[in-house]
Number of protein chains: 4
Amino acid sequence: MKISAQKFLTSGPADVVALEKSIDDGEIVAGDVLCVIGKTEGNGGSNDFTRELASYALEDLFSKKLKISKAEVRNRIIFSLSGGCEGVVTPHILVFSRSGEISKQKFPKKRLVIGSGFTRGFRPSEIGRQAQITETAFVIKQILDEMQIESVDDVHLIQMKGAVPDFSPEDAKFARKNGQSLRCDMSYSRAASALGAAIALDEVRPIELDDETVCQDWSIYSSVASASAKLGLKRTEILVFGNSNYWQGDLEINHGVLKDMLDTESVSDTLAGLGIVADNPEDPILNRIVGVFAKSEADLRGSIRGRRHTMLNDDDISDTRYSRCVLGAVIASVVNDTSIYISTRAEHHGPCGGGTLAIIARQSMQ
Amino acid sequence: MKISAQKFLTSGPADVVALEKSIDDGEIVAGDVLCVIGKTEGNGGSNDFTRELASYALEDLFSKKLKISKAEVRNRIIFSLSGGCEGVVTPHILVFSRSGEISKQKFPKKRLVIGSGFTRGFRPSEIGRQAQITETAFVIKQILDEMQIESVDDVHLIQMKGAVPDFSPEDAKFARKNGQSLRCDMSYSRAASALGAAIALDEVRPIELDDETVCQDWSIYSSVASASAKLGLKRTEILVFGNSNYWQGDLEINHGVLKDMLDTESVSDTLAGLGIVADNPEDPILNRIVGVFAKSEADLRGSIRGRRHTMLNDDDISDTRYSRCVLGAVIASVVNDTSIYISTRAEHHGPCGGGTLAIIARQSMQ
Amino acid sequence: MKISAQKFLTSGPADVVALEKSIDDGEIVAGDVLCVIGKTEGNGGSNDFTRELASYALEDLFSKKLKISKAEVRNRIIFSLSGGCEGVVTPHILVFSRSGEISKQKFPKKRLVIGSGFTRGFRPSEIGRQAQITETAFVIKQILDEMQIESVDDVHLIQMKGAVPDFSPEDAKFARKNGQSLRCDMSYSRAASALGAAIALDEVRPIELDDETVCQDWSIYSSVASASAKLGLKRTEILVFGNSNYWQGDLEINHGVLKDMLDTESVSDTLAGLGIVADNPEDPILNRIVGVFAKSEADLRGSIRGRRHTMLNDDDISDTRYSRCVLGAVIASVVNDTSIYISTRAEHHGPCGGGTLAIIARQSMQ
Amino acid sequence: MKISAQKFLTSGPADVVALEKSIDDGEIVAGDVLCVIGKTEGNGGSNDFTRELASYALEDLFSKKLKISKAEVRNRIIFSLSGGCEGVVTPHILVFSRSGEISKQKFPKKRLVIGSGFTRGFRPSEIGRQAQITETAFVIKQILDEMQIESVDDVHLIQMKGAVPDFSPEDAKFARKNGQSLRCDMSYSRAASALGAAIALDEVRPIELDDETVCQDWSIYSSVASASAKLGLKRTEILVFGNSNYWQGDLEINHGVLKDMLDTESVSDTLAGLGIVADNPEDPILNRIVGVFAKSEADLRGSIRGRRHTMLNDDDISDTRYSRCVLGAVIASVVNDTSIYISTRAEHHGPCGGGTLAIIARQSMQ
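Residues numbered from 1 in each chain as written. Chains lettered and ligands numbered in written order. Predicted model: local features only at pLDDT ≥ 70, side-chain atom pairs only at ≥ 80, totals over all residues. Heavy atoms only, no water.

Re the pattern of salt bridges
Under the criterion given, the structure shown has 120 salt bridges over all chains. In this structure, A:Glu135 and A:Arg120 form a salt bridge, with 3.9 Å as the shortest nitrogen-oxygen distance. In this pair, A:Glu135 is assigned in helix H4 (residues 130-146) and A:Arg120 in the loop between strand E5 (111-118) and H4, connecting sequence segments 15 residues apart. C:Lys259 is paired through a salt bridge with C:Asp263; the nearest N and O atoms lie 3.5 Å apart. Taking relative accessible area as the criterion, C:Asp263 reaches 4% and is therefore assigned buried. Residues joined by salt bridges that share partners form a network here, namely A:Glu86, A:Arg321, A:Arg324, B:Asp314 and D:Asp316. (Salt bridge = Lys/Arg side-chain N within 4 Å of Asp/Glu carboxyl O. Helix = DSSP H or I, 4+ residues; strand = E, 2+ residues; numbered from the N terminus. Buried < 20%, exposed > 50% of the residue type's maximum accessible area, 1.4 Å probe, protein only.)

Comments concerning helix H7 (residues 264-272) of chain D
Burial in H7(D) covers these residues: D:Thr264, D:Ser266, D:Val267, D:Thr270 and D:Leu271. Projected onto a plane normal to the axis of H7(D), the buried residues spread over an arc of 160 degrees and lie on a single side. Considering only its buried residues, H7(D) is in contact with helix H8 (319-335) of chain C together with strand E9 (251-258), strand E10 (289-296), helix H8 (319-335) and strand E14 (355-362) of chain D. (Arc of directions from axis to C-beta. Contact = heavy atoms within 4.5 Å.)

Regarding the packing of aromatic side chains
Within this structure, the stated rule accounts for 18 aromatic pairs over all chains. Plain terms: the ring middles of C:Phe293 and C:Tyr341 are 5.8 Å apart, the flat faces sit at 50 degrees to each other, and that makes the pair tilted. Taken together, the residues span a long stretch of sequence, with C:Phe293 in strand E10 (residues 289-296) and C:Tyr341 in strand E13 (residues 341-344) at a distance of 48 residues. Judged by relative accessible area, C:Phe293 falls into the buried class, the value being 3%. Aromatic rings pair up to connect A:Phe96, A:Phe241, A:Phe293 and A:Tyr341 into one cluster. Over the ring of C:Tyr341 we find C:Lys39, and its NZ or CZ is 5.6 Å from the ring centre. (Phe/Tyr/Trp six-rings, centres within 6.5 Å; stacked < 30°, edge-to-face > 60°. Lys NZ or Arg CZ within 6 Å of the ring centre and 35° of its normal.)

Some thoughts on the domain arrangement of chain A
All names here are of chain A. Along its sequence, chain A is carved into domain 1 (2-99), domain 2 (111-241) and domain 3 (250-362). For domain 1 and domain 2, the distance between their C-alpha centroids amounts to 25 Å. With nine residues of domain 1 at the interface, the matching set in domain 2 holds eleven residues. With both chains or domains summed, domain 1 and domain 2 bury close to 800 Å², and 71% of this area falls on carbon and sulfur atoms. Applying the counting rule to domain 1 against domain 2 returns zero salt bridges. (Domains from an automatic or database assignment. Buried area = accessible area lost by both parts, 1.4 Å probe.)

A word on the relation of the copies chain D and chain B
Overlaying chain D with chain B gives an RMSD of 0.0 Å, the required rotation being 180 degrees about an axis along which the chain moves by 0.0 Å. Both copies are brought into coincidence by an operation consistent with a two-fold rotation axis. Across chain D, the rotation axis passes nearest the C-alpha of D:Leu53, at a separation of 2.7 Å. When you check the interface residues of chain D against chain B, 100% turn up at the interface there too, and the contact is symmetric in its surfaces. (Least-squares fit on C-alpha atoms with pLDDT ≥ 70 in both.)

Notes on the sheet that holds strand E1 (residues 2-9) of chain C
Residue and element names in this part refer to chain C. The four strands are arranged E1-E4-E2-E3 in an open sheet whose pairing can be described as mixed. On the outer flanks of this sheet lie E1 and strand E3 (78-83), each paired with one strand and no other. This sheet shows a mean twist of 15 degrees between the axes of neighbouring strands, independent of strand direction. With eight bridges connecting them, E1 and strand E4 (residues 92-99) associate as antiparallel partners. Bridging from a neighbouring strand, Ser-4 pairs with Ser-97 of E4. Strands in contact with helix H2 (residues 50-66) are strand E2 (33-40), E3 and E4; relative to E3, the strand with the most contacts, it is inclined by about 150 degrees. (Pairing = 2+ DSSP bridges. Axes fitted to C-alpha atoms, helices over the stretch in contact; angles between N-to-C directions.)

Brief notes about helix H1 (residues 17-24) of chain D
Residues and elements named next belong to chain D. For H1, the set of buried residues is Leu-19, Ser-22 and Ile-23. The arc enclosing the buried residues of H1, seen along the axis, measures out at 100 degrees, which places them on a common side. Of the exposed residues in H1, the ones pointing more than 90 degrees away from its buried face are Val-17 and Lys-21. Looking at the buried residues of H1, the elements they touch are strand E1 (2-9), helix H2 (50-66) and strand E4 (92-99). Directly beyond the C-terminal end of H1, a positive phi value near 80 degrees is found at Gly-26.

A closer look at the confidence of the model for chain A
Looking at chain A, pLDDT values average 95 and 98% of them are 70 or higher. Scored by ipTM, the complex comes to 0.96, with pTM at 0.96. (pLDDT = per-residue confidence, 0-100.)

Brief notes about unusual backbone geometry
Located in the positive-phi region is A:Asp202, a residue other than glycine, with phi close to 60 degrees. In this structure, A:Asp202 sits in the loop between helix H6 (186-200) and strand E7 (225-231). For A:Asp202, a relative accessible area of 57% translates into the label exposed. The backbone of C:Gln148 sits at a positive phi, close to 55 degrees, despite the residue not being glycine.

Structural notes on the interface of chain D and chain B
Each partner contributes residues to the interface: chain D has twelve residues there, and chain B has twelve residues. Between chain D and chain B, the buried area comes to about 1100 Å², and carbon and sulfur atoms account for 68% of it. Considering only the surface of chain D that becomes buried against chain B, D:Phe49, D:Leu53 and D:Tyr56 emerge as the three largest contributors, covering 52% of it. Summed over the shared surface of chain D and chain B, the result is two salt bridges. Put simply, D:Lys70 and B:Asp60 hold a salt bridge, and the shortest N to O gap is 3.5 Å.

Focus: the environment of B:Ser323
All names here are of chain B. You can see Ser-323 is positioned in helix H8 (residues 319-335). Taking the relative accessible area as the measure of exposure, Ser-323 reaches 0% and is therefore buried. Sequence-wise, Ser-323 and Ser-343 are 20 residues apart; in three dimensions their C-alpha atoms are separated by 8.6 Å. Filtering out sequence-adjacent residues up to four positions away, Ser-323 remains in contact with Met-261, Glu-297, Ala-298, Met-311 and Thr-344. A polar contact is formed between the side chain of Ser-323 and the backbone nitrogen of Ala-298, at a distance of 2.9 Å. (Polar contact = N/O pair within 3.5 Å; in protein donor to acceptor, adjacent residues only side chain to side chain.)

Some words on the sheet that holds strand E5 (residues 111-118) of chain C
All names here are of chain C. If you walk across this open sheet you meet the four strands as E5-E8-E6-E7, and the pairing is mixed. Edge positions in the open sheet fall to E5 and strand E7 (225-231), since each of these has one partner strand only. Each strand of the sheet is rotated relative to its neighbour by a mean of 15 degrees, with strand direction disregarded. Alignment of strand E6 (residues 155-164) against strand E8 (residues 237-244), held across six bridges, turns out to be antiparallel. Across the sheet, residue Val-155 finds its bridge partner in E8, namely Gly-242.

Brief notes about the environment of B:Gly44
Along the polypeptide, B:Gly44 turns up in the loop between strand E2 (33-40) and helix H2 (50-66). Sequence separation between B:Gly44 and B:Cys85 is 41 residues; the distance between their C-alpha atoms is 8.6 Å.

A word on the interface of chain B and chain A
Facing the 40 residues of chain B at the interface are 40 residues of chain A. Carbon and sulfur atoms make up 56% of the surface buried where chain B meets chain A, a total of about 3100 Å² over both sides. For the pair chain B and chain A, the number of links is six salt bridges. Of the charged contacts, one joins B:Glu41 and A:Arg308 as a salt bridge, the two residues approaching to 2.9 Å between their closest N and O atoms. Taken together, chain B and chain A are joined by 18 residue pairs in polar contact (both at pLDDT 80 or more). Sorting the residues of the side of chain B that touches chain A by element identifies strand E1 (2-9), helix H7 (264-272), strand E12 (307-308) and H8 of chain B as the ones contributing at least two each. Among the elements that line the side of chain B that touches chain A, the one with the most residues is H8(B), at eight residues. Its residues placed into classes, the side of chain B that touches chain A shows 17 nonpolar, twelve polar and eleven charged. (Nonpolar A, V, L, I, M, F, W, Y, C, P; charged D, E, K, R; others polar.)

Section: the pairing of strand E2 (residues 33-40) of chain D
All names here are of chain D. Buried residues dominate E2, accounting for eight of its eight residues. One ladder, built from six bridges, connects E2 with E4; its direction is antiparallel. Looking at the pairing, Gly-38 lines up with Ile-93 of E4.

Digging into the side chain of B:Asp337
Checked against the element boundaries, B:Asp337 lands in the loop between H8 and strand E13 (341-344). Judged by its relative accessible area of 8%, B:Asp337 falls in the buried class. One polar contact links B:Asp337 to B:Lys7, side chain to side chain, over a distance of 3.2 Å. If sequence neighbours within four positions are ignored, B:Asp337 has contacts with A:Arg307, B:Lys7 and B:Ala332.

And the structure:
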């Protein structure tokens, strides 16, 4: 089997014209599509309707092409759309497809494989606590088992949409009285998702963390997580990206850890791991880059490299918008590509003020 | 004579505590101070009062130290404060002083020299047209004559605050009737200031431009201008930064042209011209950087390196804020310093979508 | 024949649940629907995708219910969606249907009638000039002829989406050279639409205006226009709302002119004309109000009732957002209803700083 | 003794030109000035430097006029500056002076009296809890004793700047471990200030509230509080406004409770209590209004009068800016004056979604 990927720059959140043409031209087989990951040009916040508009257009398209209902489309394809194309970031979607036969035979080169799964539904009291972490880790391990991956070192990106189940004021009051105030918000859900990934990949041992670690001890983190969270979502959606000798195609993934938002060195190192030297922005070798996924946020301590930043004290513009703008610009300046997937709020994603980075590149076909 | 420079990171627009201490400690002689260039943490727009607050505090301080009135302070010291510390940019002020005796003798190394001057007052009808360009060029040449600079190649930064004189609705109507609609706005004033610099430094020959060039033909530009504009200002304030064998001290300036906002190569090249290799962000050699001045803006054509950006179509956040955020992050990632002077709106400052860049660094004292 | 109207408060731009239920329950006949006018919760600017999302959902719904393509839906039903629910304004849609037989007989009471039409396609050079004004007026008069309206005094609202055809840089240059710089923008299009309405209703005589009036002489205006404009739209879409003795139903419309954005007196007077006394916010009589349509903007002179406002000098928040917030709050405080249609940019809509207002209320059925 | 008040519309935060002229002309005696209350045109948030700029200019002025240091000015005059002039609100300052002899004799009419005082310094653990509430109530009662006020019914406005002392991460951790997580933030400080006022004026009996009431039970509130809070402030500053038969002058104050942000009825009732009928915006009687002080905020339940508002879900614009815009517009539409003091965040200030309102008007001189 092999994973294919195609990127489409969009003219707006609802633009699926080029994708539709690719399907019509036979370049993409609609039935093979696994997931669509993209950036839309909203504010990335609670009133960002560009994700909904993009989903609407994508579901419509696949419903038409696959001749199934929109609900069936949603069950079949994972849409992971993130709002916020601040600064130089170009709105785009990246479409991943799976095709071919399962192989029992190992190929010489490791190639990209994608696994997916869902946690069980969570109760509000579980979010941001051990229960969510443990279940998330458990499901990731299950997915890994199915992916024909040899080692956790071959996992480079775990993209998650974390559960934030609805709860009533009574639930909140009951929890408060029991001394376990609810943590059922997006911040804690992202944090626990990331820590679940860290446990699953043996980055952190279960004994090293407890409920108090979550959103408190930033020295404990995952190097490959990329978690968002969604209000009202009952279970966490998980996509795991790794490399495997049992998979073919021409895609390979690598990852790095960003020490801070200006860490171009880690970007270069991650490229180097894929055999790409980023010293010349006009080098066609950079065209081999298929997808860049980065997660970071404004350093919570209010400074970067020892100097004050003002992102956290600006009531006019959210620090998440600044962070995406900074991160997108810095990475684009190295990879010579502005159509990159950057995302903010990075609780336990790399060190405080830093984050996680994954890059998918084309290699020789095998 | 020599130019000295000291940078102070500020905790807010009115923070002059460290500067005052430096004066009290004798590190800076208040009477030697030529100009203060700084970034304050406002929005950089028409309702940015952080510049006014910073000016208030600085004038207050120098009035107290020099025992002269605030009006006299304003006549003596040029304050060039720019709002907008988006993203990682650290609010700061850079204080330039001049001391020593005029030298008739040439020293082996060229060192930083700063000249200053003012144009005559402009009429509203002159702004954005040949009259402003010619007068600006004329005054820059006069300043150069006084600076003991050998060649226009030794000029690396011309910092200007452009005139935008007040006018009445009748003035506007009169001009419109005469077929020469007023251009008396900040955009045209910055444009004409930059073109004046280009003429003064022989980057452009007078015959190559006319009134129609201004804000139309972006292929005509200056490589060293950094112009802002101020409503109500009658004459343009000009600061010229260059290197001269007749000046001592340990400061040298160099400049480059940014091809676009992601052009890290030009930043590296400009550093290289000062003998600084920027391949290692932890190299203490980067500490030699004293001041970085960059000017650019969101590419007016709506794309960067062939891909769409959304900075010009966002009604929530001004493209100037995005641009400063991008530019500050990209340059900081190379120079390992977030206290840099970035400024936007860059009409005829470098190519369309690009801009101008100047860096001052410490060298051996002579 | 009669016009019916139903209002649905929405939980988001794509919420058509209640409307669909009304259709399924037979309360609304999908085939009778004439137009849908609504407010969505975006920023009302160029990157407001909530209108597109709402249109997507509405077209989808009517396509399903009428079993026709989305393109056919768009040809059949006018969707007039306006972004920006600042402050207390509640997102909502108002669905107008037409049913029954054409009557040759006059009924005792005048009741609401809606007419619609389109101008011919405009050339870019016509926008904002006499050509657009004249054609707009001509089409409005044609629509009036079909509406069985006795007098222009019976017209109370002309809702228009103005053409702003695409043009090339060459078109612009050609026009500039001919001394007739293009006015092909949203501002001029709205202005000419409003002036067209003023001509059609004999508020202004053709001789009283020329090209120079447009966006210059604010004393010339319409009292019933409500024009928006859309980039890329080739022809202007027009909806005319009036009262007629030949129409039945229980709806009546009235209008007033807002002297400024705080003009509660005109709101009360307009209600009074419909027999509604607005002295008690808990009076159930206010429930008779079906739709409120207001258009205004921040006074361009920078003051209101002689005192300075800061709406035009705030680079963080657009004056259109402030204006809708002010207008929505002031009107809601009188009509005790926050689900009102407020819209900004009001060139030649009422006096400078004021605007137009129309209210539809339920009366006795006839 | 008597209180005088003069209002100055400002052209910017640092504008003290008209105030200085009034002092120079002898209309205001600098030594009599008690407090200056004003609105500046910033965002009202953590990066609003317009308050600091206004303070700078006012302290400068009074330092010059009183020939005392700025620190002495700050000890002598209370400056209560609030950022945020959204919508139609006009930036202005209101200067209150006290003059004359203390009277033991009662005058026929009650006239405005202002008292002031400070709480003791608070520990971080006391903020938002009974300790802050009790001390605030205690100090208010002390102030009342000095004001020659007969009854708590004569108190109409208690303007407070609440303490939010600095604390260390260790303080926070210690408190968390002891099961009493710190509440040392602006929200809790405002809440406890308001509840202190409620206790002092017998609106609430001490037994009716405990630590759990604060920011939880919104049915417990003050009708006259107007509290802000300031990070780093150790003690709460308190100004009490009431009417007394022992005071002369021509000013009287009255207050009302806003049921919600559209509650024009309460505005009219409060005016009526001062003998002002607000039915005609052009009635010169409205000129008698000297100061309007209102405090409210976007209803936390997400709806107003049963209909959804979107103020709490907009990541582009803070709900405090929307709230001030709404409140300012609604009140201005009744009092025909846009230079009003509106302030947001209204924890325990009137009912949830409502707020407090006080109006000072000129009456006959006695």
